[in-house]
Each structure stands twice: as C-alpha cells, then as structure tokens.
Amino acid sequence: MTLAKEYSNHSRRTLVVLMEDRPGVLSNVSNMFRRRNYNIESLTVGHSETSGISRMTVVVHASDTVLEQVVKQLYKLIHVTKVTDITDDAAVIRELALIRVHAISTSRAEIKQLVDIFRAQIIDVAHDSMTIEITGTEDKVDSLVEILRPFGIKELTRTGRVAMVRGGLSGGGRG
Amino acid sequence: MKMNGAQIIWECLVREGVDVVFGITGGKVIPLYHELPAYPIHHITMRHEQAAAHAADGYARATGKVGVCVATSGPGATNLVTGIANAQMDSSPIVAITGQVASGDLGTDAFQEVDITGITMPITKHNCLVTNVTELAQAIREAFHIARSGHPGAVLVDVTVDAQMGQCEFIYPETVNLPGYRPHTRGNLRQVAQAAEMINQAKRPVLMVGRGVIVAGAQDELVELAERAQIPVATTLLGKSAIPESHPLSLGMGGMHGEAYTNLAVQQADLIIGIGTRFDDRFTSAASTFAPQAKIIHIDIDPAEIAKRVRVDLPIVGDALNVLRELVPLVQNAQHTEWIGLIDGWRAEAREYSRHWEEGEALVPQYVVRQISELTEGDALMVSDVGQNQMWEAQYYIHNRFGGLISSGGLGTMGFALPASIGAQVGRPECVVWVVAGDGGLQMTIQELATIVQERLPVKIALLNNGYLGMVRQWQEFFYERNYCGTPIFGPDFAKVAEAYGMAGITVCDKAQVNEALEQAMQIDGPVLIDFRIEQEHNVFPMVPAGRPIDEMIRRPRQA
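Going along each chain's sequence as written, the residues are numbered from 1 onward. Both sets of labels track the order of writing: A upward for chains, 1 upward for ligands. With the structure being a predicted model, the display of local features is reserved for residues of pLDDT at least 70 and the display and counting of side-chain atom pairs for 80 or more, all residues being used for whole-chain, interface and lining totals. Values shown for side chains rest on all heavy atoms present in the structure; no hydrogens or waters enter the calculation.

Trainee: Explain the interface of chain B and chain A to me, and be specific about the residues and the numbers.
Mentor: Where interface size is given, it is often the accessible area lost as the parts come together that is meant. In what follows, residue pairs with any heavy atoms lying within 4.5 Å of each other are defined as contacts. Each partner contributes to the interface: chain B provides 20 residues, whereas chain A provides 18 residues. When chain B packs against chain A, the two sides together hide about 1,400 Å² of surface, and 52% of this comes from carbon and sulfur. Summed over both partners, the accessible area (1.4 Å probe) lost when two parts come together is defined as the buried area. Considering only the surface of chain B that becomes buried against chain A, Met121(B), Pro122(B) and Gly180(B) emerge as the three largest contributors, covering 36% of it. Note on definitions: salt bridges are taken to be side-chain nitrogens of Lys or Arg within 4 Å of carboxyl oxygens of Asp or Glu. Seen at the junction of chain B and chain A, the total is three salt bridges. With its nearest N and O atoms 2.6 Å apart, the salt bridge here joins Lys76(A) to Asp302(B). We define a polar contact as two N or O atoms separated by no more than 3.5 Å, with the added condition that, inside protein, one atom must be a possible hydrogen donor and the other a possible acceptor, whereas residues neighbouring each other in sequence contribute only through side-chain atom pairs. At the junction of chain B with chain A, the criterion picks out five residue pairs in polar contact (both at pLDDT 80 or more). Under the scheme applied here, ten amino acids are nonpolar (Ala, Val, Leu, Ile, Met, Phe, Trp, Tyr, Cys and Pro), four are charged (Asp, Glu, Lys and Arg), and all others, including Gly, are polar. Tallied by class, the residues present in the side of chain B that touches chain A amount to ten nonpolar, four polar and six charged.

Trainee: Lay out empty space enclosed by the protein in plain terms, naming residues and giving numbers.
Mentor: Residue and element names in this part refer to chain B. In this analysis the probe radius is 1.4 Å and the grid spacing 1 Å, with only protein atoms considered; a cavity is a set of points the probe fits into but cannot get out of, a pocket is an open set with protein on both sides within 12 Å along at least five of seven lines, and lining residues have an atom within 4 Å of a point. Grid points are joined across faces, edges and corners, and a volume is the space filled by probe spheres set on the points. All chains considered together, the criterion is met by one cavity of 30 Å³ or more. Approximately 70 Å³ is the volume found for the largest cavity. For the largest cavity, the full set of lining residues is Arg61, Arg211, Ile214, Leu238, Gly403, Leu405, Ile406 and Ser407. Helix and strand definitions here come from DSSP, where helices need a minimum of 4 consecutive H or I residues and strands a minimum of 2 consecutive E residues; each element is numbered from the N-terminal end. At the level of elements, helix H9 (211-216) and strand S16 (405-407) are the ones that each hand at least two residues to the lining of the largest cavity. For the lining of the largest cavity, the leading source of residues is S16, giving three residues. A class-by-class count of the residues in the lining of the largest cavity yields four nonpolar, two polar and two charged. Segment limits for the domains were obtained from an automatic or database-derived domain assignment. Each of domain 2 (189-345) and domain 3 (354-533) contributes no fewer than three residues to the lining of the largest cavity.

Trainee: Can you explain the pattern of salt bridges? Please cite residues and give values.
Mentor: If charged atoms from side chains of opposite charge come close, those side chains can pair. Inspection of the entire model under this criterion finds 39 salt bridges over all chains. In this structure, Glu20(A) engages Arg22(A) in a salt bridge whose closest nitrogen and oxygen atoms are separated by 3.6 Å. For each residue, the accessible area found with a 1.4 Å probe, counting protein chains only, is set against the maximum for its type, and the residue is called buried under 20%, exposed over 50%, and partly exposed in between. Owing to a relative accessible area of 10%, Glu20(A) belongs among the buried residues under this scheme. Glu349(B) is the salt-bridge partner of Arg555(B), the closest N and O atoms lying 3.8 Å from each other. Remark: Glu349(B) occurs in helix H14 (residues 337-352) and Arg555(B) occurs in the segment after strand S20 (528-533); sequence separation between them is 206 residues. Salt bridges linked by common partners bring Arg12(A), Glu41(A), Glu138(A) and Arg161(A) together as one network.

Trainee: Tell me what's going on with the sheet that holds S20(B), and back it up with residues and numbers.
Mentor: Residues and elements named next belong to chain B. One requirement defines pairing of two strands: DSSP has to find at least two bridges between them. Reading across from one edge, S16-S15-S17-S18-S20-S19 is the order of the six strands in this open sheet, with parallel pairing throughout. Strands at the two margins of the open sheet, each flanked by one partner only, are S16 and strand S19 (504-508). Recorded for the sheet is a direction-independent mean angle of 20° between the axes of neighbouring strands. Here strand S17 (residues 433-438) pairs with strand S18 (residues 460-465) via five bridges, running parallel. Looking across to S18, one finds that Val435 is bridged to Ile461. Axis lines are fitted to C-alpha atoms, over the contacting stretch for helices. Their N-to-C directions set the angle, which ranges from 0 to 180 degrees.

Trainee: Go over a nonpolar patch on the surface with me, naming the residues and quoting the values.
Mentor: A surface patch of nonpolar side chains, about 210 Å² in accessible area, is lined by Leu96(A), Leu98(A) and Ile123(A). Exposure remark for Ile123(A): the relative accessible area of 42% places this residue in the partly exposed category. To count toward a patch, a residue needs a relative accessible area above 30% and no salt bridge. Like charges then connect within 9 Å, nonpolar side chains (Val, Leu, Ile, Met, Phe, Trp, Tyr) within 5 Å. Accessibility throughout is a Shrake-Rupley quantity obtained with a 1.4 Å probe, and a residue counts as covered only by protein chains that appear here.

Trainee: Mind laying out the sheet that holds strand S3 (residues 53-62) of chain A, listing which residues take part and the relevant values?
Mentor: All names here are of chain A. Judged by pairing direction, the sheet is antiparallel, and its four strands sit side by side in the order S2-S3-S1-S4 without closing on themselves. What marks the edges here is a single partner per strand, and that holds for strand S2 (39-47) and strand S4 (80-85). On average, each strand axis in the sheet is tilted by 20° relative to the strand beside it, whichever way the strands run. Where strand S1 (residues 11-20) meets S4, five bridges bridge the pair, whose relative direction is antiparallel.

Trainee: Tell me about the domain arrangement of chain A, and please be specific about residues and values.
Mentor: Residues and elements named next belong to chain A. For chain A, the assigned domains are domain 1 (11-85) and domain 2 (92-162). Each of domain 1 and domain 2 has a C-alpha centre, and these two points are 29 Å apart. At the junction of the two partners, domain 1 supplies six residues and domain 2 supplies five residues. Surface buried jointly by domain 1 and domain 2 totals about 460 Å² across both partners, of which 48% is contributed by carbon and sulfur atoms. Between Glu138 and Arg12 there is a salt bridge whose closest N-O contact spans 3.5 Å. The interface formed by domain 1 and domain 2 holds three residue pairs in polar contact (both at pLDDT 80 or more) in total. At the level of secondary structure, the elements contributing two or more residues to the side of domain 1 that touches domain 2 comprise S1, S2 and S3. Of the residues assigned to the side of domain 1 that touches domain 2, the class counts are one nonpolar, four polar and one charged.

Trainee: Break down helix H1 (residues 25-35) of chain A for me, with residues and values.
Mentor: Where H1(A) is concerned, the buried positions are Val25(A), Val29(A), Asn31(A), Met32(A) and Phe33(A). Elements in contact with the buried residues of H1(A): S1, S2, S3, helix H2 (64-76) and S4 of chain A.

Trainee: Can you tell me about the packing of aromatic side chains, naming the residues and giving the values?
Mentor: All names here are of chain B. Aromatic pairing here means that ring centres of Phe, Tyr or Trp (its six-membered ring) are within 6.5 Å. Orientation follows from the plane angle: under 30 degrees is stacked, over 60 is edge-to-face, and everything else is tilted. Under the counting rule described, the total for this entry stands at nine aromatic pairs over all chains. Between Phe283 and Phe290, the aromatic rings sit 6.3 Å apart at their centres with planes inclined by 80°, giving edge-to-face as the arrangement. Assessed through its relative accessible area of 2%, Phe283 is described here as buried. Residue Phe290 is classed as buried on the basis of its relative accessible area, which comes to 2%. Summarising the aromatic geometry, the rings of Phe478 and Phe541 are spaced 5.8 Å apart at their centres and angled 25° between planes, so their arrangement reads as stacked. Taken together, the residues span a long stretch of sequence, with Phe478 in helix H21 (residues 470-479) and Phe541 in the segment after S20 at a distance of 63 residues.

Trainee: Outline the environment of Asp302(B), listing residues and values.
Mentor: Here Asp302(B) shows up in the loop between strand S13 (295-300) and strand S14 (314-317). On the basis of relative accessible area, Asp302(B) is assigned to the buried category, the value being 5%. Between the alpha carbons of Asp302(B) and His184(B) there is a distance of 7.6 Å; along the sequence they are 118 residues apart. With sequence-adjacent residues up to four places away left out, Asp302(B) is seen in contact with Lys76(A) and His151(B). Polar contacts involving the side chain of Asp302(B) include one to the main-chain amide nitrogen of Ala304(B), which spans 2.9 Å.

Trainee: Tell me about the domain arrangement of chain B, and name the residues and values.
Mentor: All names here are of chain B. Split by domain assignment, chain B resolves into domain 1 (2-169), domain 2 (189-345) and domain 3 (354-533). The straight-line distance from the C-alpha centre of domain 1 to that of domain 3 is 30 Å. With 24 residues of domain 1 at the interface, the matching set in domain 3 holds 25 residues. A combined buried area of about 1,800 Å² lies between domain 1 and domain 3, and 64% of that area is made up of carbon and sulfur atoms. Three residues, Arg47, His54 and Ala62, lead the burial of domain 1 against domain 3; their summed loss comes to 29% of the area buried on that side. In this assembly, domain 1 and domain 3 are joined by zero salt bridges. Connecting domain 1 to domain 3 are ten residue pairs in polar contact (both at pLDDT 80 or more). For the side of domain 1 that touches domain 3, the elements supplying multiple residues, two or more each, are strand S2 (20-23), strand S3 (42-45), helix H3 (49-63) and helix H4 (75-89). The residue inventory of the side of domain 1 that touches domain 3, partitioned by class, reads ten nonpolar, ten polar and four charged.

Trainee: Provide a residue-level description of the nonpolar core, including the pertinent values.
Mentor: In terms of nonpolar packing, the biggest core is built from 53 residues, with Phe22(B), Met46(B), Leu442(B) and Ile461(B) touching the most fellow members. Residues grouped as a nonpolar core are buried Ala, Val, Leu, Ile, Met, Phe, Trp, Tyr and Cys residues, joined through side-chain atoms within 4.5 Å. Counting 41 residues, the second largest nonpolar core, distinct from the first, contains Ile41(B), Val133(B), Val155(B) and Tyr172(B).

Okay, structure coming up:
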C-alpha cells in the first residue's frame, strides 16, 4: 500500500478497535483504510472478552493529523464502538509466526540451537524441513527470520501485531 | 400478527412516515410490490433506477424527511449506485431497498445477482444484507434511524427474495440498539463560550455557511447571529438559501465561481465561522491558501469533518441549531461598519462587470436565470444540474426561500436535476419547482420527462442549451488551447421532444422572447420545457484557476 499523504513526521501507531461482530464489519474497516489512502502495516482481528464484540489491532503509519482522521473515520463506522491509540501506553505487544525452514540431517542441530536461543519451538519435522513457531515482539520475530534465512525459508506466515495495555488498563476501557 | 417480509417492509415504512417511494420493479422485488397496494404509500415508477435514487434524494432535500427508492437485484441495484453516492456526498438522507437473489443462491453468480452491499459499502453511511425475515423489521428501523440522524446519509438494505416471502410474527422494534453510533448533537458549552469570545473580539468576521444549517433548520438563529454582530454571510453552493439572499448581510456563494467580493471578504477576514460545511475544495481551493489571516471556528455535527481539510482553531461538534441557540445569546451586538463598508465597496464594483449582459442584445444565460428569479420573486424551489448552468443558477438566482436550492454539490452528477425535481415537486406540491439544466446533463436522464407527465407534475424546465458540455469546454478554452475534444454535442429539438412526451415545449432564440416564454410557462397548468438557445461559448465568471487562492480569480470581462 502506498502512503500518499504527509510522509513527514509519520510514525507507526498501534490502534485497538472494538466493534460489533456483524457481517461485513471487517471488510468495512479495511475498505475504509483503502479508500481513504491510509497505510496499514498489519491488521489482526478476533474475539474480545465480550461476546458479540470483536477486537482488532491495527498498525498504521501516520502523522498526528492523519492519525486523528483515522480515529475519527473509524468511529464514524456505525458498528465501531471504541478506538484506542495504545502506541504511547505501556503495552504488551506480540506476534506469532510459523516458519518452515529447509533442514537436512547436517543442519538440524544448528537450527535447533538457534530456536532454543530465541525460546521458539519446533512443532514439526519432515525429512527435509522443520517448522518453527515463535511468539514475541516483531523485532524478535524479524531476527529469527533473518538468522534462519541462510538455511532456506520454504514457507513463512506471520499473524501481525496483537496488543494489550499492561496492568489491567485494557485498551477497550480507556478513551 | 403474522406477516410476510414484504408486508413487514411496507409496515415499517408506514411507521417511519413514508408515503411515497420512487422505484422500478423487477424479478427479485415482485413479492415486495405484490403487497404494496394494501399500504398508504404512493409508488412513483421511474424510467431508470439512477433517477429513482435522485428523486428520493430530491424529495429528502425538499422535505427534510427520508427519501426512499426501490430497485430489483443486479442491474437495478447497480443503477442506483450513482444516486446513492450523490446523496451520501451531500448528506441527503435516503434509504434504498433492493431485492436480492434467494439466500440459497447467494454467491453462485445467479441470474441478476450482484454484491450490492459490497459495491455500496464505501458510498453509504450504512448498509446491510437481510436474508432472514425475522431480522427485517430491525434492519429497516435502523436504516431510517441512521439515515436521518447525526450527519445524514444514504443507507441501503438488500433483502433476499426468500426474506420477502418468509413469514414471522411482526413486532415493531420501538428502539434501536447501536452501541457504536451516538451522534454528538449538543456542542460543548465551554467551546461555545470560547467561540462567542472570538466573535466578540473579531474585527473582520465572516460566517461561512453550508448545508448543515439547512439540514438543522437553523435559519432564524443564523440570521439572528449575523444581524446581532453584523457578520457578513458567505455560503457554499449547498449552503445557498440558508439565509435569504436579498438580506444585506448575504454575500452569496464563495469559492471557485464565487463573486469577487465574497472571496475577498473570506481571504481578508480575521475570523471565519464555518457552520455545517466541510470546507470543500470548490470553496477553499488549496487549503494552505485559504483565509490566511483568519482564525477558524468550525461547527459541525460530524467530528470527522473537523480539521479534515483546513486547520481549525476552535472546533464545536454539534447540531447547528443547538449550537447556535447556545451561541447567539453570548454574542455581543457589534457594527463592523468599516468592514462591511469595505465589502460593500467591492460589491458595488462587481456590478460594473455585469453591465454587458444586462444591456447587451445576446441571449445569455445570466439574463435567463435572473428573469426566472424576478418572475418567481426568489421564492421558487430551484433544482439545478451540474456544470455552467449550475453556476449561473447559483450566481443569478436570488434565493429567498429557505432551502430553496437543490443541487448536486459533492459528487457533481450531471443528469441529477430532472429526476431530483420529481422528488422535490412530489414532496412540496405547493411549491413552484424550476429545473435549470444544460443540454448535456438533461440528455443523461431525459427519459424522466415521461415520469413527470405520468405523475402530472407541474415542473418547469429551463434548458440552457449551448450545444456543448460547457464547463469542460470553458476549461479547454482557458487552459487547454481551445482544444474542444469531446465537448461539442448534438441535441434534438427539445421542444418537440417535450411535446412528444406529452408536455408543453417552447423554444427561445432571442433575448426579447425570454419574459414572454417564462410567463407563458408559469401560466400553463402542467410541466413545461423551455429550450433557451443561449450563446454557445459563454463562460462562467469569476473563476479561480485550480490551486490558486480564491481571491486570485479571473474576473468578468467588462465588455461583451
């Protein structure tokens, strides 16, 4: 996606968006980002603690003025109930990745060592590959991916960022 | 009481106060239409679904009520799209009801299946697909609530044919439960007090008024504010008719084709009070060049409009009527004699530029519009199309009727006026309704003459016929080396076309015939089309070139 407006002063912002779990609401949100030319880096969605309410974590590149519009435009969607910018809050931020890496008998031990250093897990082994699961910050996932790259990454999937404010100051409960 | 889905839809519409709908039937709304005769709702059969949406839009703008249009699935639904986008852009409350293939066939590319909720998602305030009759009443109730409240807009409800035929116990939902939808209607009182303080301090204030004031019905409060502190009032195109334009404080429309004195006032103001406007680019030009000396107060019901295009020093989110009622008592009496004197000087100078068309022999559109204005005493419900005709209407019709202009502002939809006039005349039968259109736009929806005749609507149509897509031709003349590519258009003998449809048609070629034709049109008890063969390469002045500050306009030539 391209960022057409205000390259200067833009930064990575993490928004937690709560919305009624109705048909079409996810595409409505992603459609709004597309049509208003906002630059999403990642978007994850799932159930929240309240039944009937979904929780989305969006990472968006935006300046302060664009971010203000993003938040307002999100609120303008009928089924969005709460939008919180948690970028500057103390938050737990995690991403999960599955990495299938080329592995033959001679490289398995080395890969296993690296996986242990990262406190990741090997969840599947085949005759020419291993599948690794890692949970952590995006930086940590990036590092493991880079370290494994020379072995030959055959397949990679990342969930994108999920986030929660620390200490019970849940993203959904603050203005 | 057990009802089928079709009955539930009509029952809900009646309870929403709907007594007229604009539509075209088709395969997937036959069950819906089958039940209609039992309800006190008049169905106006249009000739194209786009026109149905425009008619609903025109009805909504003329009455302040929600306009309703109906179409079948597939092409019926896609034909609504332009009309829906048009209503949404101009904050006009409409509800579109479309038929859809049976729920079991959804997603199979069935005959006349189209994903109309997907298609209209970015051009509606809200939409939904109803596949189960038990969800229908709630969906319709929410549709009307969302369309008319807050920042009004277009809502589409897509109903599968099996949901129309299925039966369930009808319970009218008295309330809506939309936790994510809570329009802010009352302005923050601290901000209102601050606004009053800024107005009291201002030396060169200008009110900039948009359609929000008309939607809110805040005409009296607006005039009271303007008079109390002697603040001149500029309007956007859609804000025209928020204040009587013969009022001495009315500056008329500003922006790209605004009068020089209006734009000069805005650019030299030290305070702009924007009410119910989104600071659209047709008014402000490049946002960075807009009102450079002014602090800006922005009053709007939609928080997302605040600081969207221009910087705002003081935002107030709320309904224009509520906010003005709080604001007016806090504003001190003021005179601003010097400021108003300066503006009136510019205004007097502008008159010099209009001599040539007033005194000249040529049949020019300015003269036609001004004569309509005088004949109707500024009290007609005017419906203008898009392009040069729209700007001439806006510049030369002196609107004294509150809400007396209906026009496609945001989307700029050619072909809007004729079908919108149907909705306007149906909604306001007591009003004299005039259409001002060009030959390009009129030919885009000319089939609706049939609807006008069928419904016996006494709409008067002033066709400003110059044989060009004139606004684009004007741009080609000014900025594209007179390369008239794609703009010359052949048109039929419009008076004969009108007669063929069963209405009166008059052709006017001379300036001397204008008044007689207009008076004749007013005397005819029914629809009339007057084909004014105006100067072909006549331009709209003043004009602000794209991206320039609005006080750097190309003025009218002093001689013809």
